[in-house]
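# Survey of secondary and tertiary structure
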Amino acid sequence: MDPVFRWIESSALSVWTRESTSLLAYPAILSAHAIGMALAVGVNAAIALRLLGAAPGIQEAEMRRYAGVAWIGFAVNAVSGMLLLIAYPTKAMTNPIFYVKLSFVAVGLSVFVAVNKRLEQWRSTAQTWIGIALLVSWGGAIVAGRLLAYTYRRLMAG
Amino acid sequence: MWLVSIFASVKPIARLMHTAWGWPVAESLHFIGLSLLIGTVGLFDLRLLGVGRRIPIAAMHQLIPWGLAGFSINAVSGIAFLLAEPDQYVYNPSFHAKVLFIAAAGLNALTFYLTVYRKVAANGAPAEAPPAAKAMAAASLSLWIGVIIAGRLLTFYRPFPCQPPEPGFLATCIPGFHANWK
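These numbers were taken from a predicted model, which means no experiment stands behind them.

With that settled, consider the overall build of chain A. Helix and strand counts for chain A stand at seven helices and zero strands. Counted from the first residue to the last, chain A has its helices and strands arranged as α-α-α-α-α-α-α. Principal-axis analysis of the C-alpha atoms places the extent of chain A at approximately 55 × 30 × 25 Å. The buried share of chain A, reckoned over its 158 residues, is 49%. Nonlocal contacts in chain A, meaning residues at least 24 apart in sequence, comprise 80% of its contacts between residues at least 6 apart. For chain A, the computed accessible surface area is about 7200 Å², with 69% contributed by carbon and sulfur atoms. For chain A, the distance from the average position of its 13 positive side-chain charges to the average position of its 6 negative side-chain charges is 4 Å.

As structure tokens, this is what we get:
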């Protein structure tokens, strides 16, 4: 994979993201990734809390009104995450925890999509487990994401 | 600065934070707490601004205690960072901005509860919040996003250039970045 990593690392976009001293480069991308996380995980956490019995005044199906906010967060993080990956492909892709994070995100996203599609069909025990699944997958994604800064073996291939 | 020496004198927290797991665990909690805060306080703000109008404002407000829980997690983990590496924060302009934004968000929330809250969250209150409540909701959202940005920028305004590749928490330094960062 090293030739691929080196090719990405030498691209103009990778160099700019990694080395530009502009606040609009790496700092802005990291900030966007944190804001996107807050929106996406925040909405998922609110849905999970509701499914687990919090805020009983809110009709569960009405939580769908905020799904759009989560999708904005997902979109922001897909783009910002891709830019972070282009900046340091070796750092992420040689770290097993990166794949753990992606798996948590994939599970969290699937559960979120399922919740939006057919919330009403579930019994309350199922809702409890769905709420727990949302909290575990998004909490896991956050922890794995944070660990990426501490666990990488190689920074760059070049 | 006297603040730094006071913070630095709290040795047990610093020792705990400098173990292999101290910093990553506290950071993970800090990100989980912030998601909880935005997912509850932020959604309540959006509700006041008119998103999800069919949900009574009072019902949406039932999420707020979870936002307070998120804030508490972040106050505790944030103070742990501060006590462990005081000079990385006390002299950091991004940290000053972050504290100011948090204080402003707090004042904004206090104003909300002292003024429009009772009317807005009463039983049978209209679905549409008054303009004053909307203004405070918009301020709250902007200020918390400002807090996140200032928090994320802390790394780039560290008073001392960090020397990658240092082990542990300084691994968050972005190599090659600080060399030309002015």
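Helices and strands together make up the secondary structure of chain B, namely nine helices and zero strands. Written out in order from the N terminus, the α and β elements of chain B read α-α-α-α-α-α-α-α-α. Here chain B, with 182 residues, has 50% of them falling under the buried criterion. Split by element, the accessible area of chain B, about 8900 Å² in all, is 73% carbon and sulfur.

A few words on the interface of chain A and chain B. Counting residues at the interface gives 40 residues for chain A, matched by 41 residues for chain B. In total, chain A and chain B occlude about 3600 Å² of area from one another, counting both sides; carbon and sulfur atoms represent 75% of this. Three residues, Y66, R146 and Y150 of chain A, lead the burial of chain A against chain B; their summed loss comes to 19% of the area buried on that side. If you look at where chain A meets chain B, you find two salt bridges. Summed over the shared surface of chain A and chain B, the number is five residue pairs in polar contact (both at pLDDT 80 or more).

Residue and element names in this part refer to chain A. Where helix 3 (residues 26–51) contacts helix 7 (residues 124–151), the axes come no closer than 8 Å and their chain directions differ by 155 degrees. It follows that helix 3 is roughly antiparallel to helix 7 by the angle criterion. Considering only the axes of helix 3 and helix 7, their crossing is left-handed. On helix 7, the residues that touch M37, V41, N44, A45, I47, A48 and L51 of helix 3 are Q127, T128, I130, G131, L134, L135, W138 and I142. Looking at the contact of helix 3 with helix 7 residue by residue, the classes come out as 11 nonpolar, four polar and no charged.

What follows deals with helix 3 of chain A. Residues and elements named next belong to chain A. With 26 residues, helix 3 should reach 38 Å at 1.5 Å per residue; the first-to-last C-alpha distance of 37 Å fits that figure. Along helix 3, 23 of the 26 residues are buried, which leaves the element largely enclosed by surrounding structure. Following helix 3 by one or two positions, G53 adopts a phi angle in the positive range, close to 110 degrees.

Our focus in this paragraph is the side chain of N116 of chain A. The residue N116 of chain A is located in helix 6 (residues 96–118) in this model. Among all residues touching N116 of chain A, those that are not within four sequence positions of it are R64 and A67 of chain A.

Attention now goes to helix 3 (residues 22–48) of chain B. All names here are of chain B. Spanning 27 residues, helix 3 covers 38 Å between terminal C-alpha atoms, matching the ideal 39 Å at 1.5 Å per step. Counted residue by residue, helix 3 has 24 buried out of 27 residues, so it is predominantly covered. G50 lies just past helix 3 and shows a positive phi near 115 degrees.

Moving on, we get to the packing of aromatic side chains. Counted under the stated rule, the structure contains 13 aromatic pairs over all chains. Measuring from ring centre to ring centre gives 5.2 Å for W23 of chain B and F81 of chain B, while their planes differ by 40 degrees; the resulting arrangement is tilted. Here the residue W23 of chain B occupies a position in helix 3, and F81 of chain B occupies one in helix 5 (residues 64–84), the gap between them amounting to 58 residues. Between the NZ or CZ atom of K91 of chain A and the centre of the ring of Y88 of chain A, over which it lies, the distance is 5.3 Å. Above the ring of F31 of chain B, the side-chain terminus of R146 of chain A is found at 4.9 Å from the ring centroid.

Our focus in this paragraph is a nonpolar patch on the surface. Together, L52, W129, I132, L135 and V136 of chain A make up an exposed nonpolar region whose accessible area comes to about 480 Å². The class for W129 of chain A is exposed, based on a relative accessible area of 62%.

In this section: the environment of M82 of chain A. All names here are of chain A. Assignment of secondary structure puts M82 in helix 4 (residues 67–87). Residue classification places M82 among the partly exposed positions, given a relative accessible area of 48%. With 53 residues separating them in the primary sequence, M82 and I29 have C-alpha atoms 9.9 Å apart.

Residues and elements named next belong to chain B. Tracing the sequence through the fold places A8 in helix 1 (residues 2–8). Residue class for A8 comes out partly exposed when judged on its relative accessible area of 31%. C-alpha separation for the pair A8 and L82, spaced 74 residues apart in sequence, amounts to 8.7 Å.

Further remarks concern the nonpolar core. By size, the foremost hydrophobic cluster in this structure holds 56 residues, and its most contacted members are I47 and I58 of chain A together with L43, L48 and M60 of chain B. In terms of residue count, the dominant contributor to this core is helix 3 of chain A (11 residues). Core analysis: the second largest hydrophobic core is formed by 15 residues, W23, Y89, F95 and L154 of chain B among them.

Reading the values: the criteria
Residues numbered from 1 in each chain as written. Chains lettered and ligands numbered in written order. Predicted model: local features only at pLDDT ≥ 70, side-chain atom pairs only at ≥ 80, totals over all residues. Heavy atoms only, no water. Helix = DSSP H or I, 4+ residues; strand = E, 2+ residues; numbered from the N terminus. Buried < 20%, exposed > 50% of the residue type's maximum accessible area, 1.4 Å probe, protein only. Contact = heavy atoms within 4.5 Å. Areas by Shrake-Rupley, 256 points an atom, 1.4 Å probe, with all protein chains shown as cover. Lys, Arg positive; Asp, Glu negative; His and termini not counted. Charge placed at Lys NZ, Arg CZ, Asp CG, Glu CD. Buried area = accessible area lost by both parts, 1.4 Å probe. Salt bridge = Lys/Arg side-chain N within 4 Å of Asp/Glu carboxyl O. Polar contact = N/O pair within 3.5 Å; in protein donor to acceptor, adjacent residues only side chain to side chain. Axes fitted to C-alpha atoms, helices over the stretch in contact; angles between N-to-C directions. Parallel < 35°, antiparallel > 145°, perpendicular 65-115°, else oblique. Left-handed = near helix turned anticlockwise from the far one by under 90°. Nonpolar A, V, L, I, M, F, W, Y, C, P; charged D, E, K, R; others polar. Expected span 1.5 Å × (residues − 1). Phe/Tyr/Trp six-rings, centres within 6.5 Å; stacked < 30°, edge-to-face > 60°. Lys NZ or Arg CZ within 6 Å of the ring centre and 35° of its normal. Patch = residues over 30% accessible without salt bridge, like charges linked within 9 Å, V, L, I, M, F, W, Y side chains within 5 Å. Core = buried A, V, L, I, M, F, W, Y, C linked by side-chain atoms within 4.5 Å.

None of the figures reported here should be taken as evidence of function without further support.
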